[in-house]
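The lines below spell out each chain.
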Amino acid sequence: MFSTAFLDLPALQGASGTVTLPGSKSISNRVLLLSALCQGTTVVHDLLDSDDTRVMLAALRQLGCGVEVAGTTVTITGLGGRAWPAEAIEFFMGNAGTAMRPLTAALAVQGGDFTLKGVPRMHERPIGDLVNALRELGCAIDYLGNAGYPPLRVRQPTLRLDKPIPVRGDVSSQFLTALLMALPLAAQDRAITIEVVGELISKPYIEITLNLLARYGIAVERQGWERFVIPAGSRYQSPGTIHVEADASSASYFIALGAIAAGDPSKGAQGNGIRIQGVGADSIQGDIRFMDAAAQMGAKITSGPNWLEIQRGAWPLKGITLDCNHIPDAAMTLAVMALYADGPTTLRNIASWRVKETDRIAAMATESRKLGATVEEGPDWITIHPLPAGQWQRASIHTYDDHRVAMCFSLAAFNADQVPVRIEDPKCVAKTFPDYFEALFSVAHTSAQNIPVICIDGPTASGKGTLASRVAAALGYHYLDSGALYRVTAHAALQAGLTLEAADEAKIADLARRLPVRFEGEQVLLDNVDVTDAIRSEQGGMNASKVSVLPAVREALVDLQHSFQRLPGLLADGRDMGTVIFPNAPLKVFLTASAAQRAERRHKQLISKGFSANIDSLRADLEARDARDMSRSVSPLQPAQDALQLDNSSLSIDASVAQVLDWWQGKSR
Ligand code: DC
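What comes next is a walk through the structure. (Residues numbered from 1 in each chain as written. Predicted model: local features only at pLDDT ≥ 70, side-chain atom pairs only at ≥ 80, totals over all residues. Heavy atoms only, no water.)

1. Thoughts on the overall build of the protein
Along the protein, the regular secondary structure elements total 23 helices and 32 strands. Among the 669 residues that make up the protein, the fraction classed as buried is 57%. For the protein, long-range pairs separated by at least 24 residues make up 75% of all intrachain contacts whose partners lie at least 6 apart in sequence. Approximately 25,700 Å² of the protein is accessible, and the part contributed by carbon and sulfur atoms is 49%. Computing the positive centroid from 62 side-chain charges and the negative centroid from 70, the protein places the two 1 Å apart. (Helix = DSSP H or I, 4+ residues; strand = E, 2+ residues; numbered from the N terminus. Buried < 20%, exposed > 50% of the residue type's maximum accessible area, 1.4 Å probe, protein only. Contact = heavy atoms within 4.5 Å. Areas by Shrake-Rupley, 256 points an atom, 1.4 Å probe, with all protein chains shown as cover. Lys, Arg positive; Asp, Glu negative; His and termini not counted. Charge placed at Lys NZ, Arg CZ, Asp CG, Glu CD.)

2. Concerning the pairing of strand β17 (residues 307-311)
Burial of the side chains of β17 is restricted to one face: Leu308 and Ile310 are buried, whereas none of Trp307, Glu309 and Gln311 on the reverse face is. Sheet analysis places strand β15 (residues 273-277) next to β17, joined by 4 bridges and oriented antiparallel. Across the sheet, residue Arg275 finds its bridge partner in β17, namely Glu309. Counted along the chain from strand β16 (residues 300-304) to the antiparallel partner β17, the turn is 2 residues long. (Pairing = 2+ DSSP bridges.)

3. Considerations on the site of the ligand
Of all residues adjacent to the ligand, which total 16 residues, the nearest are Arg487, Arg554, Asp576, Arg625 and Arg632. One of the side-chain nitrogen or oxygen atoms of Ser482 is found 2.9 Å away from a nitrogen atom of the ligand. The separation between an oxygen atom of the ligand and a polar side-chain atom of Arg625 is 2.8 Å. Isolated, the ligand exposes 440 Å² of accessible area, and the fraction of that covered by the protein chains is 96%. If one sorts the elements of the shell around the ligand by residue count, helix α14 (residues 482-495) sits on top with 4 residues. Of the residues that constitute the shell around the ligand, the class distribution is 3 nonpolar, 5 polar and 8 charged. (Near = heavy atom within 4 Å. Polar contact = N/O pair within 3.5 Å; in protein donor to acceptor, adjacent residues only side chain to side chain. Nonpolar A, V, L, I, M, F, W, Y, C, P; charged D, E, K, R; others polar.)

4. Considering the state of the cysteines
Scanning the entire structure with this criterion turns up 0 disulfides. Note on Cys38: no disulfide assigned, nearest cysteine sulfur contributed by Cys65 at a separation of 9.9 Å. No disulfide involves Cys428; its sulfur sits 11 Å from the nearest other cysteine sulfur, which is in Cys408. (Disulfide = S-S within 2.5 Å.)

5. Considerations on the packing of α14 against helix α15 (residues 505-513)
Each pair of packed helices can be summarised by the angle the axes make with each other and by the distance between the axes. Between α14 and α15, the least distance of the axes is 9 Å, while the angle of their chain directions is 120 degrees. By the angle class used here, α14 and α15 are oblique. As for how α14 packs across α15, the hand of that crossing is right-handed. Between α14 and α15, the contacting residues are Thr489, Ala492 and Ala493 on the first element and Ile508, Leu511 and Ala512 on the second. Among the residues making up the contact of α14 with α15, the classes are represented as 5 nonpolar, 1 polar and no charged. (Axes fitted to C-alpha atoms, helices over the stretch in contact; angles between N-to-C directions. Parallel < 35°, antiparallel > 145°, perpendicular 65-115°, else oblique. Left-handed = near helix turned anticlockwise from the far one by under 90°.)

6. Considering the sheet that holds strand β11 (residues 192-197)
Read across the open sheet, the 4 strands follow the order β10-β11-β13-β12; overall the sheet is mixed. Of all strands in the sheet, those bounded by a partner on one side alone are β10 (165-168) and β12 (221-223). For this sheet, the mean inter-axis angle between neighbouring strands, taken without regard to orientation, is 25 degrees. The pairing of β11 with strand β13 (residues 227-230) spans 4 bridges and is classified as antiparallel. Note on β13: the bridge partner recorded for Glu195 is Arg227. The sheet contacts of helix α5 (residues 174-182) involve β10, β11 and β13, and relative to β10 the element is tilted by about 150 degrees.

7. Let's talk about the nonpolar core
Counting residues in hydrophobic clusters, the biggest one holds 86 residues, and the most contacted among them are Phe254, Ile276 and Leu334. Looking at this core element by element, the count peaks at 9 residues for helix α7 (residues 248-260). Apart from residues lying up to four places away in sequence, Phe254 is in contact with Val19, Leu21, Ile274, Ile276, Ile310, Phe433, Tyr436, Ala439, Leu440 and Val443. In this structure, Cys38, Phe91, Leu130 and Tyr236 belong to the second largest nonpolar core, which totals 82 residues. (Core = buried A, V, L, I, M, F, W, Y, C linked by side-chain atoms within 4.5 Å.)

8. What to know about the packing of helix α17 (residues 538-547) against helix α22 (residues 615-631)
Here α17 crosses α22 at 15 degrees, and the two axes come no closer than 10 Å. Classified by the angle between their axes, α17 and α22 sit roughly parallel to one another. For the pair α17 and α22, the sense of crossing is left-handed. Counting all contacts with α17, which are made through Glu538, Gly541, Met542, Ser545 and Lys546, the residues of α22 involved are Leu618, Asp621, Arg625, Arg628 and Asp629. When the residues that make up the contact of α17 with α22 are grouped by side-chain class, the tally is 2 nonpolar, 2 polar and 6 charged.

9. Let's talk about helix α3 (residues 97-110)
Compared with the 20 Å implied by 1.5 Å per residue over 14 residues, the 20 Å span of α3 between its first and last C-alpha is a close match. With respect to burial, α3 is a largely interior element, 13 of its 14 residues being buried. Just past α3, the residue Gly111 takes up positive phi, approximately 85 degrees. (Expected span 1.5 Å × (residues − 1).)

As structure tokens, then:
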């Protein structure tokens, strides 16, 4: 997951390959609650791991459910047939509507002393219609802040089940879902009828609810979309095992990707289009119908029960006018596809956008305008005009703590003008798809010149590694410690019984070309063996310096170094990053510090690790290595002509990081 302040998406040119998507948020949280209300144990496979499901799991634990998590499989031991907690409990619901609404209903029908709170935005999301319906039924619920909104306090109810329970259906279908899931708790002796007031929106989500209730033994009788009857004697029954299908709303970004992005001709048949694994034509999620809307805009889609394949069809896409009531969440993705269309696109009947994680109509309009688009909006509609080549602007997309805004606008990176797109607060995707950007980068491609490289070169112990990895972490970029490659090469050569001299040059180069090296966090693995400590020693550095003077060895490591240049960008540290390996890098830093300073830092470092060390001999070693690195015939240590020099002798690490980030901002403006 990217937890940086922002993520700069380089201009992207195409996409191809297969993605496996995380489990559906709607299904995951419903399944968790239903499993909690059952008697016995339910094994849930492919559960989404996200903010929303964590909130639900935490609440279920607080209630005394058994919860065992093993990767994406979660085993829930339900509360059915057991006493619910009598003590007061406070639940923190974050911004998870799919947890807040149904849990409120279940707690209110069951009764107890419960407080439900959330983040400030949760306290702005309406819940009055659900509370009214629950009060009608005899539930005891108080508002602790503003009437109609969380936080709430729930007490012991005096249930009145004799007449139908009215619930509004035109603000959020989650209210009806909440009642449908909670009321079987009270339907032991009599049938309970729910009556929908107003036009029911987001019907497909109700379909998911009914479908899953049936899997848990509750056969709700649906009369049109107005009346729902929970039969007398209803009892939740665990299905034993249940699989969560992949999230159809998440699929929308990759369906759109397939429709927008050209394939990769270099990959032949494999390079043509996007395959989505885990959700397909048999999905019970309403958002799967997004594929029809995408097809209308031009996507070429084929499907199987649990997979989809998408290719570019019409290009530019075709502008459409569509009632989006049936695909409220996925429809946001159409708004971004609209930028690539041949005429305006109008999305109608989307009033629910205004009460989601943020006011999504306002958010989509504001952020599209930043890119240069013309957008009109009304209370329940939005019209987006296409953005022709020549008019795309570089923008920093604000994401309003709304995962869908972030994921939608990532698709703007395919713009015709090849301008990069900045996504602010990229970690907000964690709500439903923590690894969204990783998934995007696994299928998206672009030319090497679009993938930024920042080079940090300089002498031994100048602090390059710390600086480069800190800057990489701040930008969410990959990190290449090229020195480690020379260190590992020397290590492998010695292990193979070679000398580090010119006599063995060809053999060492051969080893270097096939180096089975892997970086895992701070660890360096050679052939799956941890060699971190061995190569990080002073001797390891000396050995590296020796093999690094051999031209054939340097040549052998070039491809490996280039392979680190991957989306979204790279921080490369070494001696010749800016001069030889990435000569076109847009930012090159040459980091120096006085020999005395460097010897002192290295001394401190060694002492802190419990090694004995002598400053004078350290300094002599450093100077010897510098001399060799600077005087060798190939790729000698020297600043690139266009490198910016940074002497950090008297700078803190934070100050050096800030300086490099500042230079980078300047370059990318
Ligand atoms: O950065 P370091 O101390 O881990 O590097 C070890 C040696 O590897 C260094 O003395 C010179 C060599 N090296 C190189 O020649 N070219 C690079 N790009 C990186 C390191």
